[in-house]
Amino acid sequence: MSDTILIFPCSGIGKSFGTISRDATYSVVEELRKDETDTDCLSLLVVGDEDAGCSVKSHRCISVDGCPNGCAKKTLEDSDAKLVASFRVVDILRKNRKLKPTDVTFLDEDGRKLSKLLAEKIALKVDELNRKGVVS
Amino acid sequence: MSTPKIGIVSCSGECCDVGTISRVATRFVLEKLRPDNTVTICLPLFSIGEGGERMFAKYFPTIAVDGCEKKCAKKAIEKYSGKTACSIVVSDLLKKWGVKNCGPRRELNEEGLELASKVAKEIASAMDDIFTRGG
């Protein structure tokens, strides 16, 4: 399906932010907007996989980064992807300073709350993009 | 004398369950099995980072933990830094152990967690081998 939006979360495993970005992405692609979105491995782009490279050029992509390093966004840009939106866990955290996620391997309660907030934002962006008719 | 370190680069594998097992197994090594000897490195930082990750992997032994046969972690280390000290592929281990399904990718179930623990032991054992042969 050519109008599927691909969502690429951060790959980080050193802090809870990476886990939150992935959990939020899974929430969107498996529950909230499962018919309109999908995800792929960021690492395939890092190593220059041809199929993954073609896929991000022909589909709209959203990056979801954990930290300010912005690996997902930069990797998509380097791959000449059709990047239509970018999110960062740290930005959601700044607006919800009471939440202090700490666990990395498995999200704690605050991590889950942040993931939910982020997933809802991504889902709304998907709706906005589809309303605008920004298709591949 | 400083504690010897080994870098572990896990596949990011967001699109499949074996990627989740790679990441969780790597975290188990860092948190439980070899906390003093483990440094984890985010795979995309090899290409877009400021170079610290590449330098680390150039001067310290690294283990690639890949989910599938595409071996992105191994390829990234060897493309940007140098030869890996060891390469572990989760899908190969699962085949060897006769496992066909390891559960959901978002949050591992009991079976998936057990598999991640087994993979973590394989990583720790590979680390011990590297230390035994002197890095």
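Read on for an overview of the structure. (Residues numbered from 1 in each chain as written. Chains lettered and ligands numbered in written order. Predicted model: local features only at pLDDT ≥ 70, side-chain atom pairs only at ≥ 80, totals over all residues.)

1. Here we look at the sheet that holds strand β4 (residues 82-88) of chain A
Residue and element names in this part refer to chain A. Ordered in space as β2-β1-β3-β4, the 4 strands form an open sheet in which the pairing is parallel. Strands at the two margins of the open sheet, each flanked by one partner only, are β2 (37-39) and β4. Recorded for the sheet is a direction-independent mean angle of 25° between the axes of neighbouring strands. Judged from the 4 bridges that link them, strand β1 (residues 5-9) and strand β3 (residues 60-65) form a sheet pairing that is parallel. Within β3, the residue paired with Phe8 across the bridge is Ser63. Where helix α1 (residues 16-32) meets the sheet, its contacts fall on β1, β2 and β3, and the angle it forms with β1 comes to roughly 160°. In the packing of helix α4 (residues 71-78) onto the sheet, the strands contacted are β1, β3 and β4, and the crossing angle to β3 comes to about 150°. (Pairing = 2+ DSSP bridges. Helix = DSSP H or I, 4+ residues; strand = E, 2+ residues; numbered from the N terminus. Axes fitted to C-alpha atoms, helices over the stretch in contact; angles between N-to-C directions. Contact = placed C-beta atoms within 7 Å.)

2. Describing the interface of chain B and chain A
Contacts between chain B and chain A engage 28 residues on the former and 25 residues on the latter. Mapped onto the side of chain B that touches chain A, the elements with two or more residues apiece are α1 (17-33), α2 (45-48) and α4 (72-80) of chain B. Top contributing element to the side of chain B that touches chain A by residue count: α1 of chain B, with 6 residues. Across the side of chain B that touches chain A, the residue classes tally to 12 nonpolar, 8 polar and 8 charged. (Nonpolar A, V, L, I, M, F, W, Y, C, P; charged D, E, K, R; others polar.)

3. Some points on α1 of chain B
Between its terminal C-alpha atoms α1 of chain B stretches 22 Å, which fits the 24 Å expected from 17 residues at 1.5 Å a residue. In terms of residue burial, α1 of chain B counts as a mostly covered element, since 14 of its 17 residues are buried. (Expected span 1.5 Å × (residues − 1). Buried ≥ 20, exposed ≤ 12 C-beta atoms within 10 Å, placed from the backbone.)

4. Description of the pairing of β4 of chain A
Residue and element names in this part refer to chain A. Note that β3 and β4 share 6 bridges and pair parallel. Among the inter-strand pairings, Arg60 is bridged to a residue of β4, identified as Lys82. The β-α-β motif built from β3, the intervening α4 and the parallel element β4 has right-handed crossover chirality. (Right-handed = clockwise from strand over helix to strand, strands pointing away.)

5. Looking at the sheet that holds strand β4 (residues 86-89) of chain B
Residues and elements named next belong to chain B. Within the open sheet, the 4 strands sit side by side as β2-β1-β3-β4. Their pairing is parallel. The open sheet terminates on both sides in strands that have one partner only, identified here as β2 (38-41) and β4. Averaged over all pairs of adjacent strands, the angle between strand axes in this sheet comes to 25°, irrespective of strand direction. In this structure, strand β3 (residues 62-66) lies alongside β4, joined through 4 bridges in parallel fashion. Across the sheet, residue Ile63 finds its bridge partner in β4, namely Cys86.

6. A look at the environment of Asp129 of chain B
Mapped onto the secondary structure, Asp129 of chain B falls in helix α6 (residues 110-132). Look at Asp129 of chain B and you get exposed, because 11 C-beta atoms sit within 10 Å.

7. Section: the packing of α1 of chain A against helix α6 (residues 109-132) of chain A
Residues and elements named next belong to chain A. Direction vectors running N to C along α1 and α6 enclose 50°, while the axes themselves pass 8 Å from each other. Compared by their axis directions, α1 and α6 come out oblique. For α1 against α6, the interelement crossing comes out right-handed. Along the contact surface, α1 presents Ser16, Thr19, Ile20, Asp23, Ala24, Ser27, Val28 and Leu32, while α6 presents Gly111, Leu114, Ser115, Leu118, Ala119, Ile122 and Ala123. A class-by-class count of the residues in the contact of α1 with α6 yields 9 nonpolar, 5 polar and 1 charged. (Parallel < 35°, antiparallel > 145°, perpendicular 65-115°, else oblique. Left-handed = near helix turned anticlockwise from the far one by under 90°.)

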